[in-house]
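# Structural overview
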Amino acid sequence: MAIVRYEPWSLLNQLQKELERSRDDKSGEGTVATAEWAPTVDIKEEADKFVILADIPGVKPEDIEISMEAGVLTIKGEKESEAKTEKEGYKRVERTYGSFYRRFSLPDTADGDAINAKSKNGVLEIVIPKREAVKPKRINVAAEE
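Here the structure is a predicted model, which means the values were calculated and not measured. (Residues numbered from 1 in each chain as written. Predicted model: local features only at pLDDT ≥ 70, side-chain atom pairs only at ≥ 80, totals over all residues. Heavy atoms only, no water.)

## Brief notes about the confidence of the model for the chain
Applicable threshold: Values of pLDDT, the confidence the predictor places in each residue, fall between 0 and 100. Numbering of helices and strands starts at the N terminus; helices are DSSP runs of H or I of at least 4 residues and strands are runs of E of at least 2.
Across the chain, the average pLDDT comes to 80, with 69% of residues at or above 70. By mean pLDDT, helix H1 (residues 10–23) is the weakest element of the chain at 67, and strand S7 (residues 123–129) is the strongest at 96.

## Digging into the side chain of Lys79
For clarity, the threshold we go by: Within 3.5 Å is the distance limit for a polar contact, defined as a pair of N or O atoms, with the added protein rule that one can donate a hydrogen and the other accept it, and that residues adjacent in sequence qualify only through two side-chain atoms. Residue contacts are defined here by distance: any two heavy atoms, one from each residue, within 4.5 Å place the two residues in contact.
Considering the arrangement of structural elements, one finds Lys79 in strand S4 (residues 72–79). Polar side-chain contacts of Lys79 include one of 3.1 Å to the backbone oxygen of Pro57. Not counting the four nearest positions on each side in its chain, Lys79 is found in contact with Trp37, Pro57, Gly58, Val59, Thr96, Tyr97 and Gly98.

## Things to note about the sheet that holds strand S6 (residues 116–120)
Hydrogen bonds between backbone groups are what pair the strands of a sheet, and the pairing can be parallel or antiparallel. Selection rule: A pair of strands is considered paired only if DSSP assigns at least 2 bridges between the two. Axis lines are fitted to C-alpha atoms, over the contacting stretch for helices. Their N-to-C directions set the angle, which ranges from 0 to 180 degrees.
As summarised here, the arrangement of the four strands in space is S1-S2-S7-S6, forming an open sheet in which the pairing is antiparallel. The open sheet has two edge strands, strand S1 (41–45) and S6, and neither has a second partner. Adjacent strand axes in the sheet meet at a mean angle of 15°, parallel and antiparallel pairs treated alike.

## Some remarks on the sheet that holds S4
The strand order across the open sheet built from three strands is S3-S4-S5, with neighbouring strands paired in antiparallel fashion. Strands with a single pairing partner mark the edges of an open sheet, and in this sheet they are strand S3 (64–69) and strand S5 (98–105). The sheet shows a mean angle of 15° between the axes of neighbouring strands, taken without regard to direction. Two elements, S3 and S4, share six bridges in a ladder whose sense is antiparallel. When the bridges of S4 are listed, Ile64 appears paired with Gly77.

Here is the structure:
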């Protein structure tokens, strides 16, 4: 049985690093984004790729921004609202409008350089190919004579 060292402060240290990274963002935008809604997604892993399907009806492809940095895939964009009607003080709006933002951590096997995306009938499909897994290299130890 292996002995595992318990680090009670590791989660707090990780949170502190994330907060520092968001403060030190060089782009001026910050890494924290707000959104009025979040598209629902399906994530599927196949033998040679990962597939993300996001429901974004009414969003034009040119209004969608997809980026990948440090193993994190980010999808953001905006859906413009249509005119809303009011009748006798009663208003009902069930469809969502405004900006959206989703982030996904990808495994090391994801090939960020070969990602492609397409939008059809309100569904965004993002395909992330897998790289060939890096196999550990065994190093032989020679005996001294």
